[in-house]
Amino acid sequence: FFFASTMSPKRRACPITIDGVTYDVSAWVGHHPGGADIIENYRNRDATDVFMVMHSEEAHAKLKRMPIMEPSSPDTPVAPKPKRDEPQEDFRKLRKEMIAKGMFEANPLWYLYKTTTTVGLMAVSIFLTAYLQWYYTAALILGVCYQQLGWLSHDYCHHQVFKNRSLNNSCGIVFGNVLQGYSVTWWKDRHNGHHAATNVQGHDPDIDNLPVLAWSPEDVKNAGPKVRKLIQYQQYYFIPTIASLRFIWCLQSILSVRSYKDEKRNLYYKQQYTKEAIGLALHWILKAIFYFTCMPGFFTGITCFLISEMLGGFGIAIVVFLNHYPLEKVSDDIWDGHGFSAGQIHETMNIQKGLITDWVFGGLNYQIEHHLWPTMPRHNLTAASIEVEKLCKKHNLPYRAPPPLQGVGVLLDFMGKIAKMAAVPV
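My aim in this report is to walk through the structure given alongside it, one point at a time. Position labels on residues start from 1 in each chain and follow its written sequence. pLDDT decides what is reported in this predicted model: residues at 70 or higher carry local features, side-chain atom pairs at 80 or more are listed and counted, and totals for whole chains, interfaces and linings draw on all residues regardless. Think of the side-chain values as coming from all heavy atoms in the structure, minus any hydrogens and water.

Re the overall build of the protein
Only DSSP runs of H or I covering at least 4 residues are called helices, and only runs of E covering at least 2 are called strands; the numbering of each starts at the N terminus. Helices and strands together make up the secondary structure of the protein, namely 22 helices and three strands. Radius of gyration here uses only the C-alpha atoms, and the compact-globule reference equals 2.2 Å multiplied by the residue count raised to the power 0.38. Its C-alpha atoms give the protein a radius of gyration of 22 Å, near enough to 22 Å, the size a compact globule of 426 residues would have. C-alpha extents for the protein along the principal axes are approximately 75 × 55 × 45 Å. Counting every position in the protein, which comprises 426 residues, the buried fraction comes to 52%. Summarising the internal contacts of the protein: among those between residues at least 6 apart in sequence, 72% fall at separations of at least 24. In the structure as shown, the protein presents an accessible area of about 20,800 Å², 63% of it carried by carbon and sulfur atoms. Residues scored as charged are limited to Lys and Arg (positive) and Asp and Glu (negative), so that His and the chain ends carry no count. Note on charges: their place is set at NZ of Lys, CZ of Arg, CG of Asp or CD of Glu. Taking the 42 positively charged and 37 negatively charged side chains of the protein as two groups, their mean positions are separated by 3 Å. Three exposure classes are used, based on accessible area relative to the maximum for each residue type with a 1.4 Å probe and protein chains only: buried under 20%, partly exposed in between, and exposed over 50%. Here, residues are in contact when the closest pair of their heavy atoms is within 4.5 Å. The Shrake-Rupley method, run with a 1.4 Å probe, gives the accessible areas here. Residue values count only the displayed protein chains as cover.

So, the side chain of Ser26
Relative to the helices and strands, Ser26 resides in helix 2 (residues 26–29). A distance of 2.9 Å separates a polar atom in the side chain of Ser26 from a polar atom in the side chain of Asp24. Think of a polar contact as two N or O atoms within 3.5 Å of one another; within protein, one of them needs to be a possible hydrogen donor and the other a possible acceptor, and neighboring residues in sequence only count if both atoms come from side chains.

Some details on the sheet that holds strand 3 (residues 45–46)
Taken in spatial order, the three strands line up as 2-1-3 in an open sheet, and their pairing is mixed. Unpaired on one side and paired on the other, strand 2 (21–24) and strand 3 mark the two borders of the sheet. The rule for pairing is simple: two strands pair if DSSP sees at least two bridges between them. Bridge count between strand 1 (residues 15–18) and strand 2: four bridges; the pairing is antiparallel. Pairing of Thr17 across the sheet is with Thr22, part of strand 2.

Considering helix 21 (residues 381–394)
With 14 residues, helix 21 ought to run about 20 Å at 1.5 Å a step, and its terminal C-alpha atoms sit 20 Å apart, in line with that. Just past helix 21, the residue Asn396 takes up positive phi, approximately 55°. Expected helix span is computed as 1.5 Å times (number of residues minus one).

Some remarks on the pattern of salt bridges
One speaks of a salt bridge when a side-chain nitrogen belonging to Lys or Arg is within 4 Å of a carboxyl oxygen belonging to Asp or Glu. With the rule as written, the count across this model stands at 14 salt bridges. Across the pair Arg45 and Asp336 runs a salt bridge whose closest N-O atoms are separated by 3.1 Å. Residue Arg45 is located in strand 3, and its partner Asp336 is located in helix 17 (residues 332–338); the two are separated by 291 residues in the primary sequence. We classify Arg45 as buried; its relative accessible area is 19%. We classify Asp336 as partly exposed; its relative accessible area is 41%. A salt bridge links Asp49 to Arg92; its shortest N-O distance comes to 2.7 Å. With Asp49 in helix 4 (residues 48–54) and Arg92 in helix 6 (residues 86–100), this pair connects stretches of sequence that are 43 residues apart. Judged by its relative accessible area of 37%, Arg92 is partly exposed.

A closer look at the packing of aromatic side chains
Between the rings of Phe, Tyr and Trp (Trp by its six-membered ring), a pair exists once the centres lie within 6.5 Å; its type follows the angle of the planes, with under 30 degrees stacked, over 60 edge-to-face, and the other angles tilted. The final tally for this structure, using the stated rule, is 18 aromatic pairs. Relative to Tyr113, the ring of Trp110 has its centre 6.0 Å away and its plane inclined at 75°; by these criteria the two rings are edge-to-face. With Trp110 and Tyr113 both in helix 7 (residues 108–130), this residue pair falls three residues apart, about one helical turn. Taking the relative accessible area as the measure of exposure, Trp110 reaches 24% and is therefore partly exposed.

Regarding unusual backbone geometry
The peptide bond linking Leu210 to Pro211 adopts the cis configuration, its omega dihedral lying at 15°. Even without glycine at this site, His159 takes up a positive phi of about 60°. Within the element layout of this structure, His159 appears in the loop between helix 8 (135–157) and helix 9 (165–180). The residue Asn199 is not glycine, and still its phi comes out positive at about 65°. Mapped onto the elements, Asn199 comes out in the loop between helix 10 (184–196) and helix 11 (217–222).

Thoughts on the packing of helix 13 (residues 234–242) against helix 22 (residues 404–423)
Axis angles are defined between N-to-C directions and span 0 to 180 degrees, where every axis is a line fitted to C-alpha atoms and, for a helix, only to the segment in contact. Running from N to C, helix 13 and helix 22 point in directions that differ by 130°, and their axes come no closer than 8 Å. Classified by the angle their axes make, helix 13 and helix 22 are oblique. When helix 13 is examined against helix 22, the residues Gln234, Gln235 and Phe238 are found in contact with a partner set consisting of Leu411, Leu412, Met415, Gly416, Ile418 and Ala419. Gly is put with the polar residues, along with every residue not named as nonpolar or charged; the nonpolar set is Ala, Val, Leu, Ile, Met, Phe, Trp, Tyr, Cys and Pro, and the charged set is Asp, Glu, Lys and Arg. Class assignment of the residues belonging to the contact of helix 13 with helix 22 gives a composition of six nonpolar, three polar and no charged. For classification purposes, angles smaller than 35 degrees are called roughly parallel, those larger than 145 roughly antiparallel, those between 65 and 115 roughly perpendicular, and all remaining angles oblique.

What to know about a nonpolar patch on the surface
In this scheme, patches are assembled from residues that exceed 30% relative accessible area and form no salt bridge. Like charges are connected within 9 Å, while nonpolar side chains (Val, Leu, Ile, Met, Phe, Trp, Tyr) are connected within 5 Å. Side chains of Tyr136, Phe298, Phe299, Ile302, Leu306 and Met310 sit close together on the surface and give an oily, nonpolar patch of about 620 Å² of accessible area. When residues of the nonpolar patch are assigned to their parent elements, the largest contribution, five residues, is made by helix 16 (residues 298–324). Looking at the element boundaries, Phe299 is found in helix 16. Residue class for Phe299 comes out exposed when judged on its relative accessible area of 61%.

Brief notes about the side chain of His32
Relative to the helices and strands, His32 resides in the loop between helix 2 and helix 3 (36–41). Classification of His32 as buried rests on a relative accessible area of 9%.

Considering the state of the cysteines
Two cysteine sulfur atoms make up a disulfide if the distance between them is within 2.5 Å. Across all of its chains, the model carries zero disulfides by this definition. Of all cysteine sulfurs in the structure, the one in Cys171 sits closest to Cys157, which takes part in no disulfide; the separation is 9.2 Å. Note on Cys157: relative accessible area 7%, which makes it buried.

Below, the structure written as structure tokens:
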């Protein structure tokens, strides 16, 4: 009904193929909760697997109501000759088996534990500050809390916890906007694009870090003379730089939410403006009240603020940068040639599993499994990793899982290689 009533003959068609059927999804581009860019990235492409692993049953029903493009239509892309993709077939089969085993069902008690203990860190920090005056200890705990809240918000926003996606989104507003100062819609816009085209030049927003960091020969080529001089030293300033990322993410969130008020390209974003703005406002109001009423003076207050913000930002950033950035950045044709599952494995690196690592990394040390199936609850990723590693061996796909410190070394070494490219005179 929706698409029949809003389709316009003047609208440019947006062909996307799913399960062998080509749909014109142009009517949905301006309403897509994940943003318009992610759909545009798959224009004239097969989006079967990325659609299957990231969407709900409701989205599947909406897809069936979209106009089907006839092969004779001039706007219908010429489909390449189908070829058998054995790795993809096996990963689809494995997904069905895990669904049958209930591995996509969240354990309510586990998420109750994870939610209460994570928010509890903030309560402990407030108690230590207000009642015991352990200001610097409390600041460290608050920094750890920010990091853990990042993983908790990530779970809710990937719809791992509840079947009701609106409920997940509401929890995302609480744990993201209110408690961290991050916009959920801003995060989803970037993060969904990253999942759909991991490490693909020009499509993955996470690897667009110029003028501060370069991740590929293409970045070096696009950098101006002054930027090239800077990135020659990126492996040295990288660690201190990522400690500032919480400030940058909070600023980007504020600027993005301000833009949603007058958003024209995506009406869903415009609808989120009020709740997003209220959530961010609450974060900064509550934070101001905390620091102005609980701190003994300006120096202690600003020091504790910087400790918690920088520790929280560093704790999230170092995990995120380890998982994809030290791997090759690819072009569209290479990504298409790999196929979805093999492409995710080629462009993703795990970190060695373990009780402490699993907690610190928030389950994102199982990044390969998470990228294959973003809606799988965190507590089931360990079991999934055993089966994924078997399939990787079967199909000769790389399954990387170095210890944390070795992973940092791999990352810095990769950055050094890019830095040497920037040092070569043009």
